[in-house]
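# Observations on the three-dimensional arrangement
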Amino acid sequence: MNVLERLFHRQEPPSSQVAQERLRLVLAHDRANISPGLLDILKDEIIGVISRHVPIDAAGVQVTFTQGARESRLVADIPLQTQRKRRGQ
Amino acid sequence: MAGKVLTVTSGKGGVGKTTVTANLGGALALRGQKVVVIDADIGLRNLDVMMGLENRIVYDLVDVIEGRCRLRQALVRDKRLSEFYLLPAAQTRDKTAVNPEDMVRVCDELRESFDFLLVDSPAGIEQGFRVAVAPADMVLVVTNPEMAAVRDADRIIGLVEASEKGPVQLIINRLKPAMVRRGEMMDTAAVVELLAVELLGIIPDDEAIITATNTGRPVVFSDNTLSSRAFHNIARRLLGEDVPFLPLREAGFFDRIKRFMRTEGEQR
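Here the structure is a predicted model, which is why all the values come from computation and not from measurement. (Residues numbered from 1 in each chain as written. Chains lettered and ligands numbered in written order. Predicted model: local features only at pLDDT ≥ 70, side-chain atom pairs only at ≥ 80, totals over all residues. Heavy atoms only, no water.)

## Structural notes on the state of the cysteines
All names here are of chain B.
- Counted by the stated rule, this structure contains zero disulfides over all chains.
- Free cysteine Cys-69: the closest other cysteine sulfur is in Cys-107, separated by 15 Å.
- Looking at Cys-69, the relative accessible area reads 10%, which means it is buried. (Disulfide = S-S within 2.5 Å. Buried < 20%, exposed > 50% of the residue type's maximum accessible area, 1.4 Å probe, protein only.)

Okay, here's the thing in C-alpha coordinates:
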(Lines give C-alpha, C1' and ligand atoms only; values in the text may rest on other atoms or scores of the structure.)
Protein backbone atom coordinates (compact mmCIF):
# COMPACT_ATOMS: atom_id res chain seq x y z
CA MET A 1 0.00 0.00 0.00
CA ASN A 2 1.15 3.44 -0.91
CA VAL A 3 2.84 5.56 1.72
CA LEU A 4 0.49 8.53 1.52
CA GLU A 5 -2.54 6.31 1.68
CA ARG A 6 -1.17 4.62 4.76
CA LEU A 7 -0.52 7.94 6.44
CA PHE A 8 -3.64 9.85 5.60
CA HIS A 9 -6.31 7.35 4.80
CA ARG A 10 -7.37 4.64 7.18
CA GLN A 11 -9.51 1.80 5.93
CA GLU A 12 -11.45 1.57 9.18
CA PRO A 13 -11.97 4.29 11.75
CA PRO A 14 -9.91 3.74 14.92
CA SER A 15 -11.83 1.92 17.66
CA SER A 16 -11.63 5.00 19.91
CA GLN A 17 -13.69 6.89 17.35
CA VAL A 18 -16.19 4.04 17.13
CA ALA A 19 -16.50 4.14 20.95
CA GLN A 20 -17.08 7.88 20.91
CA GLU A 21 -19.78 7.65 18.25
CA ARG A 22 -21.54 4.75 19.94
CA LEU A 23 -21.44 6.53 23.27
CA ARG A 24 -22.84 9.72 21.78
CA LEU A 25 -25.96 7.81 20.76
CA VAL A 26 -26.20 5.72 23.94
CA LEU A 27 -25.94 8.80 26.15
CA ALA A 28 -28.56 10.64 24.12
CA HIS A 29 -30.97 7.75 24.64
CA ASP A 30 -30.06 7.38 28.33
CA ARG A 31 -30.46 11.08 29.06
CA ALA A 32 -33.83 11.34 27.37
CA ASN A 33 -34.91 7.94 28.70
CA ILE A 34 -36.10 7.03 25.22
CA SER A 35 -35.07 3.69 23.76
CA PRO A 36 -34.59 3.21 20.01
CA GLY A 37 -37.75 1.07 20.08
CA LEU A 38 -39.78 3.87 21.63
CA LEU A 39 -38.42 6.22 18.99
CA ASP A 40 -39.93 3.95 16.30
CA ILE A 41 -43.29 3.91 18.09
CA LEU A 42 -43.25 7.71 18.35
CA LYS A 43 -42.43 7.98 14.69
CA ASP A 44 -45.35 5.73 13.68
CA GLU A 45 -47.79 7.64 15.86
CA ILE A 46 -46.58 11.02 14.63
CA ILE A 47 -47.10 9.82 11.07
CA GLY A 48 -50.60 8.67 12.02
CA VAL A 49 -51.60 11.95 13.66
CA ILE A 50 -50.20 14.29 11.04
CA SER A 51 -51.37 12.36 8.03
CA ARG A 52 -54.94 12.56 9.30
CA HIS A 53 -54.79 16.29 8.62
CA VAL A 54 -52.06 16.82 6.02
CA PRO A 55 -50.79 14.47 3.33
CA ILE A 56 -47.19 13.58 4.17
CA ASP A 57 -44.48 11.43 2.69
CA ALA A 58 -44.47 8.71 5.37
CA ALA A 59 -41.34 7.00 4.04
CA GLY A 60 -39.33 10.20 4.40
CA VAL A 61 -40.23 10.88 8.04
CA GLN A 62 -37.24 10.99 10.37
CA VAL A 63 -37.43 11.19 14.16
CA THR A 64 -33.99 11.75 15.68
CA PHE A 65 -32.09 13.16 18.61
CA THR A 66 -29.93 16.20 18.58
CA GLN A 67 -27.52 16.61 21.41
CA GLY A 68 -26.59 19.87 23.08
CA ALA A 69 -24.24 20.27 26.03
CA ARG A 70 -26.50 18.57 28.57
CA GLU A 71 -29.81 18.53 26.79
CA SER A 72 -31.32 16.21 24.23
CA ARG A 73 -33.82 17.30 21.66
CA LEU A 74 -36.31 15.21 19.76
CA VAL A 75 -36.45 16.35 16.15
CA ALA A 76 -39.14 15.18 13.74
CA ASP A 77 -38.52 15.89 10.08
CA ILE A 78 -41.80 15.38 8.23
CA PRO A 79 -41.78 15.94 4.47
CA LEU A 80 -45.15 17.09 3.15
CA GLN A 81 -46.41 15.65 -0.06
CA THR A 82 -46.25 18.32 -2.71
CA GLN A 83 -49.13 19.09 -5.08
CA ARG A 84 -47.12 17.84 -8.01
CA LYS A 85 -46.40 14.49 -6.34
CA ARG A 86 -50.01 13.99 -5.43
CA ARG A 87 -51.18 14.70 -8.96
CA GLY A 88 -48.77 12.08 -10.27
CA GLN A 89 -50.21 9.36 -8.07
CA MET B 1 -13.12 26.12 60.62
CA ALA B 2 -15.64 25.13 57.98
CA GLY B 3 -14.29 22.15 56.11
CA LYS B 4 -15.30 21.32 52.58
CA VAL B 5 -16.92 17.97 51.76
CA LEU B 6 -15.82 16.37 48.48
CA THR B 7 -17.62 13.17 47.51
CA VAL B 8 -15.78 10.81 45.16
CA THR B 9 -18.19 8.70 43.10
CA SER B 10 -18.43 6.96 39.72
CA GLY B 11 -21.50 4.80 39.17
CA LYS B 12 -19.47 1.90 37.83
CA GLY B 13 -17.34 -0.13 40.22
CA GLY B 14 -13.63 -0.65 39.78
CA VAL B 15 -12.76 2.64 38.12
CA GLY B 16 -10.57 3.81 41.01
CA LYS B 17 -12.77 5.76 43.46
CA THR B 18 -10.96 4.46 46.53
CA THR B 19 -7.53 4.99 44.98
CA VAL B 20 -8.49 8.56 44.10
CA THR B 21 -9.86 9.22 47.60
CA ALA B 22 -6.74 7.89 49.38
CA ASN B 23 -4.29 9.68 47.11
CA LEU B 24 -6.13 12.96 46.91
CA GLY B 25 -6.51 12.94 50.68
CA GLY B 26 -2.79 12.24 51.06
CA ALA B 27 -1.81 14.92 48.56
CA LEU B 28 -3.94 17.53 50.33
CA ALA B 29 -2.57 16.51 53.73
CA LEU B 30 1.01 16.72 52.41
CA ARG B 31 0.20 20.31 51.49
CA GLY B 32 -0.58 21.08 55.12
CA GLN B 33 -4.34 20.64 54.99
CA LYS B 34 -6.24 18.91 57.76
CA VAL B 35 -7.90 16.00 55.97
CA VAL B 36 -10.26 13.19 56.88
CA VAL B 37 -11.22 10.50 54.38
CA ILE B 38 -14.55 8.79 55.05
CA ASP B 39 -15.28 5.31 53.74
CA ALA B 40 -18.98 5.28 52.85
CA ASP B 41 -18.82 1.85 51.23
CA ILE B 42 -20.48 0.05 54.15
CA GLY B 43 -19.94 -3.70 54.00
CA LEU B 44 -17.19 -3.51 51.38
CA ARG B 45 -14.60 -1.29 53.02
CA ASN B 46 -11.26 -0.89 51.30
CA LEU B 47 -10.02 2.59 52.03
CA ASP B 48 -8.33 1.22 55.18
CA VAL B 49 -6.18 -1.24 53.21
CA MET B 50 -5.30 1.34 50.55
CA MET B 51 -3.92 3.51 53.34
CA GLY B 52 -2.29 0.64 55.25
CA LEU B 53 -4.44 1.29 58.34
CA GLU B 54 -6.45 -1.94 58.44
CA ASN B 55 -4.85 -3.08 61.70
CA ARG B 56 -5.62 0.10 63.59
CA ILE B 57 -9.40 0.15 63.30
CA VAL B 58 -11.32 -0.05 66.55
CA TYR B 59 -14.63 1.64 65.80
CA ASP B 60 -16.31 2.56 62.52
CA LEU B 61 -18.86 4.90 60.97
CA VAL B 62 -21.82 2.72 61.98
CA ASP B 63 -20.58 2.60 65.59
CA VAL B 64 -20.58 6.40 65.58
CA ILE B 65 -24.07 6.63 64.11
CA GLU B 66 -25.50 4.04 66.48
CA GLY B 67 -23.89 5.74 69.47
CA ARG B 68 -21.42 3.04 70.49
CA CYS B 69 -18.54 5.51 70.45
CA ARG B 70 -17.77 9.18 70.03
CA LEU B 71 -16.77 10.43 66.59
CA ARG B 72 -13.19 11.18 67.71
CA GLN B 73 -12.74 7.59 68.90
CA ALA B 74 -13.53 6.16 65.47
CA LEU B 75 -10.99 8.32 63.64
CA VAL B 76 -7.77 6.47 62.71
CA ARG B 77 -4.71 8.65 62.34
CA ASP B 78 -2.45 8.09 59.34
CA LYS B 79 0.99 6.56 59.99
CA ARG B 80 2.80 9.27 58.07
CA LEU B 81 0.98 12.52 58.71
CA SER B 82 -0.48 13.80 61.94
CA GLU B 83 -3.29 15.78 60.30
CA PHE B 84 -4.59 12.99 58.06
CA TYR B 85 -7.38 10.73 59.37
CA LEU B 86 -9.58 7.86 58.22
CA LEU B 87 -13.16 7.26 59.30
CA PRO B 88 -13.59 3.59 58.37
CA ALA B 89 -16.75 1.90 57.13
CA ALA B 90 -18.34 -1.02 58.96
CA GLN B 91 -17.41 -4.28 57.30
CA THR B 92 -20.11 -6.53 58.74
CA ARG B 93 -23.13 -4.33 58.07
CA ASP B 94 -24.86 -3.24 54.89
CA LYS B 95 -25.66 0.07 53.27
CA THR B 96 -29.02 0.45 55.00
CA ALA B 97 -27.18 1.03 58.31
CA VAL B 98 -26.54 4.66 57.34
CA ASN B 99 -29.04 7.16 55.97
CA PRO B 100 -28.36 10.52 54.31
CA GLU B 101 -29.23 12.53 57.46
CA ASP B 102 -26.73 10.49 59.54
CA MET B 103 -24.00 11.24 57.02
CA VAL B 104 -24.80 14.95 56.93
CA ARG B 105 -24.69 15.06 60.74
CA VAL B 106 -21.33 13.26 60.97
CA CYS B 107 -19.83 15.48 58.28
CA ASP B 108 -21.13 18.66 59.90
CA GLU B 109 -19.36 17.69 63.09
CA LEU B 110 -16.13 16.89 61.24
CA ARG B 111 -16.23 20.14 59.27
CA GLU B 112 -15.35 21.93 62.47
CA SER B 113 -11.95 20.25 62.81
CA PHE B 114 -10.89 19.61 59.20
CA ASP B 115 -10.21 21.59 56.02
CA PHE B 116 -11.20 18.77 53.68
CA LEU B 117 -13.55 15.81 54.11
CA LEU B 118 -13.29 13.27 51.30
CA VAL B 119 -16.15 10.78 51.10
CA ASP B 120 -15.48 7.54 49.20
CA SER B 121 -18.82 6.53 47.70
CA PRO B 122 -19.85 2.95 46.95
CA ALA B 123 -20.53 1.97 43.33
CA GLY B 124 -24.11 2.07 42.09
CA ILE B 125 -26.91 4.62 42.18
CA GLU B 126 -28.87 3.36 45.18
CA GLN B 127 -28.95 4.32 48.84
CA GLY B 128 -25.17 4.06 49.37
CA PHE B 129 -24.56 6.62 46.65
CA ARG B 130 -27.27 8.93 47.95
CA VAL B 131 -25.81 8.77 51.45
CA ALA B 132 -22.32 9.61 50.15
CA VAL B 133 -23.54 12.55 48.07
CA ALA B 134 -25.87 14.02 50.73
CA PRO B 135 -23.21 16.08 52.60
CA ALA B 136 -21.23 17.07 49.48
CA ASP B 137 -20.14 20.60 48.66
CA MET B 138 -18.50 19.27 45.54
CA VAL B 139 -18.84 15.94 43.71
CA LEU B 140 -15.84 14.41 41.97
CA VAL B 141 -16.85 11.83 39.37
CA VAL B 142 -14.16 9.30 38.50
CA THR B 143 -14.30 7.54 35.14
CA ASN B 144 -12.05 5.57 32.80
CA PRO B 145 -11.82 6.30 29.05
CA GLU B 146 -13.92 3.25 28.30
CA MET B 147 -17.54 2.67 27.19
CA ALA B 148 -19.22 1.33 30.34
CA ALA B 149 -17.43 3.70 32.73
CA VAL B 150 -18.31 6.78 30.67
CA ARG B 151 -21.92 5.70 30.31
CA ASP B 152 -22.28 5.17 34.06
CA ALA B 153 -20.50 8.45 34.78
CA ASP B 154 -23.11 10.20 32.65
CA ARG B 155 -25.92 8.63 34.68
CA ILE B 156 -24.26 9.74 37.92
CA ILE B 157 -23.68 13.26 36.61
CA GLY B 158 -27.37 13.48 35.72
CA LEU B 159 -28.38 12.33 39.21
CA VAL B 160 -25.96 14.70 40.95
CA GLU B 161 -27.14 17.65 38.90
CA ALA B 162 -30.77 16.74 39.54
CA SER B 163 -30.08 16.75 43.28
CA GLU B 164 -28.45 20.21 42.91
CA LYS B 165 -25.09 19.05 44.19
CA GLY B 166 -23.43 20.09 40.94
CA PRO B 167 -21.49 21.27 39.13
CA VAL B 168 -19.60 18.02 38.93
CA GLN B 169 -15.82 17.87 38.49
CA LEU B 170 -14.48 15.02 36.37
CA ILE B 171 -11.39 12.90 37.01
CA ILE B 172 -10.32 10.62 34.17
CA ASN B 173 -8.42 7.69 35.66
CA ARG B 174 -6.39 4.92 34.01
CA LEU B 175 -5.71 6.73 30.79
CA LYS B 176 -3.23 4.78 28.68
CA PRO B 177 -1.34 7.34 26.55
CA ALA B 178 0.11 4.69 24.23
CA MET B 179 -3.35 3.32 23.42
CA VAL B 180 -4.69 6.84 22.90
CA ARG B 181 -1.83 7.49 20.49
CA ARG B 182 -2.76 4.37 18.53
CA GLY B 183 -6.39 5.46 18.39
CA GLU B 184 -7.43 2.50 20.53
CA MET B 185 -8.63 4.49 23.53
CA MET B 186 -10.74 7.62 23.70
CA ASP B 187 -8.70 10.68 24.52
CA THR B 188 -9.44 13.26 27.19
CA ALA B 189 -11.15 15.61 24.76
CA ALA B 190 -13.57 12.89 23.61
CA VAL B 191 -14.60 11.97 27.18
CA VAL B 192 -15.00 15.59 28.25
CA GLU B 193 -17.06 16.38 25.18
CA LEU B 194 -19.35 13.39 25.75
CA LEU B 195 -19.93 14.12 29.43
CA ALA B 196 -19.99 17.92 29.11
CA VAL B 197 -18.54 18.60 32.56
CA GLU B 198 -15.52 20.39 33.90
CA LEU B 199 -12.28 18.38 33.95
CA LEU B 200 -10.38 18.39 37.24
CA GLY B 201 -7.62 15.93 36.43
CA ILE B 202 -6.24 13.11 34.31
CA ILE B 203 -4.44 10.19 35.93
CA PRO B 204 -2.41 7.93 33.68
CA ASP B 205 -2.61 4.18 34.13
CA ASP B 206 0.35 3.31 36.34
CA GLU B 207 1.62 0.00 37.74
CA ALA B 208 2.91 1.94 40.75
CA ILE B 209 -0.72 2.17 41.93
CA ILE B 210 -0.86 -1.62 42.34
CA THR B 211 2.44 -1.84 44.20
CA ALA B 212 1.40 1.10 46.38
CA THR B 213 -1.77 -0.77 47.34
CA ASN B 214 0.26 -3.92 48.04
CA THR B 215 2.22 -2.07 50.69
CA GLY B 216 -0.54 0.25 51.92
CA ARG B 217 1.39 3.33 50.95
CA PRO B 218 -0.51 5.56 48.47
CA VAL B 219 1.63 6.70 45.51
CA VAL B 220 1.46 10.35 46.55
CA PHE B 221 3.75 9.52 49.48
CA SER B 222 6.47 7.95 47.38
CA ASP B 223 8.49 8.51 44.27
CA ASN B 224 7.81 10.88 41.49
CA THR B 225 5.71 8.59 39.30
CA LEU B 226 3.43 10.11 36.69
CA SER B 227 0.30 9.09 38.63
CA SER B 228 1.66 10.63 41.83
CA ARG B 229 2.31 13.91 40.04
CA ALA B 230 -1.19 13.79 38.56
CA PHE B 231 -2.74 13.44 42.04
CA HIS B 232 -0.62 16.25 43.43
CA ASN B 233 -1.73 18.45 40.54
CA ILE B 234 -5.38 17.76 41.35
CA ALA B 235 -4.75 18.67 44.99
CA ARG B 236 -3.14 21.95 43.91
CA ARG B 237 -6.12 22.71 41.66
CA LEU B 238 -8.48 22.07 44.58
CA LEU B 239 -6.44 24.58 46.56
CA GLY B 240 -7.00 27.17 43.88
CA GLU B 241 -3.76 26.95 41.93
CA ASP B 242 -3.88 27.06 38.15
CA VAL B 243 -1.96 23.92 37.16
CA PRO B 244 -1.77 22.78 33.52
CA PHE B 245 -2.64 19.15 32.73
CA LEU B 246 0.32 16.78 32.46
CA PRO B 247 1.55 16.34 28.90
CA LEU B 248 0.67 12.70 28.22
CA ARG B 249 1.61 12.97 24.55
CA GLU B 250 -1.56 12.20 22.65
CA ALA B 251 -1.21 11.30 18.95
CA GLY B 252 1.24 13.65 17.31
CA PHE B 253 2.24 13.61 13.67
CA PHE B 254 5.64 12.08 14.43
CA ASP B 255 4.02 9.27 16.36
CA ARG B 256 2.02 8.42 13.30
CA ILE B 257 5.16 8.37 11.17
CA LYS B 258 6.90 6.17 13.71
CA ARG B 259 3.95 3.83 13.82
CA PHE B 260 3.88 3.71 10.07
CA MET B 261 7.56 2.81 9.88
CA ARG B 262 7.07 0.12 12.48
CA THR B 263 4.16 -1.57 10.80
CA GLU B 264 5.28 -1.14 7.20
CA GLY B 265 6.79 -4.63 7.00
CA GLU B 266 3.81 -6.37 8.51
CA GLN B 267 1.24 -8.30 6.56
CA ARG B 268 -2.13 -6.68 6.37
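## Quick word on the nonpolar core
Residues and elements named next belong to chain B.
- Formed by 41 residues in total, the largest nonpolar core has its most connected members in Leu-24 and Ile-171.
- Sorting elements by how many residues they give to this core places helix H1 (residues 17-30) first, with six residues.
- Residues contacting Leu-24, with those up to four places away along its chain left out, are Leu-118, Leu-140, Ile-171, Phe-231, Ile-234, Ala-235 and Leu-238.
- In this structure, Val-36, Cys-107, Phe-114 and Leu-117 belong to the second largest nonpolar core, which totals 28 residues. (Core = buried A, V, L, I, M, F, W, Y, C linked by side-chain atoms within 4.5 Å. Helix = DSSP H or I, 4+ residues; strand = E, 2+ residues; numbered from the N terminus. Contact = heavy atoms within 4.5 Å.)

## As for the packing of aromatic side chains
Residues and elements named next belong to chain B.
- Summed over all chains, the structure comprises two aromatic pairs over all chains.
- The aromatic ring of Tyr-85 is capped on one face by Arg-72, whose charged end is 5.9 Å from the ring centroid.
- The ring of Phe-221 carries Arg-80 above its face, with NZ or CZ at 4.6 Å from the centroid. (Phe/Tyr/Trp six-rings, centres within 6.5 Å; stacked < 30°, edge-to-face > 60°. Lys NZ or Arg CZ within 6 Å of the ring centre and 35° of its normal.)

## Some points on the sheet that holds strand E5 (residues 116-120) of chain B
Residues and elements named next belong to chain B.
- Taken in spatial order, the eight strands make up an open sheet running E3-E4-E2-E5-E1-E6-E7-E8, and their pairing is mixed. Pairing within the sheet leaves two strands with one partner each, and these edge strands are strand E3 (76-77) and strand E8 (198-204).
- Alignment of strand E2 (residues 35-39) against strand E4 (residues 84-87), held across four bridges, turns out to be parallel. Of the residues in E4, the one forming a bridge with Val-36 is Tyr-85. (Pairing = 2+ DSSP bridges.)

## Notes on the side chain of B:Asp63
- By the secondary structure assignment, B:Asp63 is in helix H3 (residues 61-65).
- The contacts of B:Asp63, once residues within four sequence positions are left out, are B:Val58, B:Arg68 and B:Cys69.

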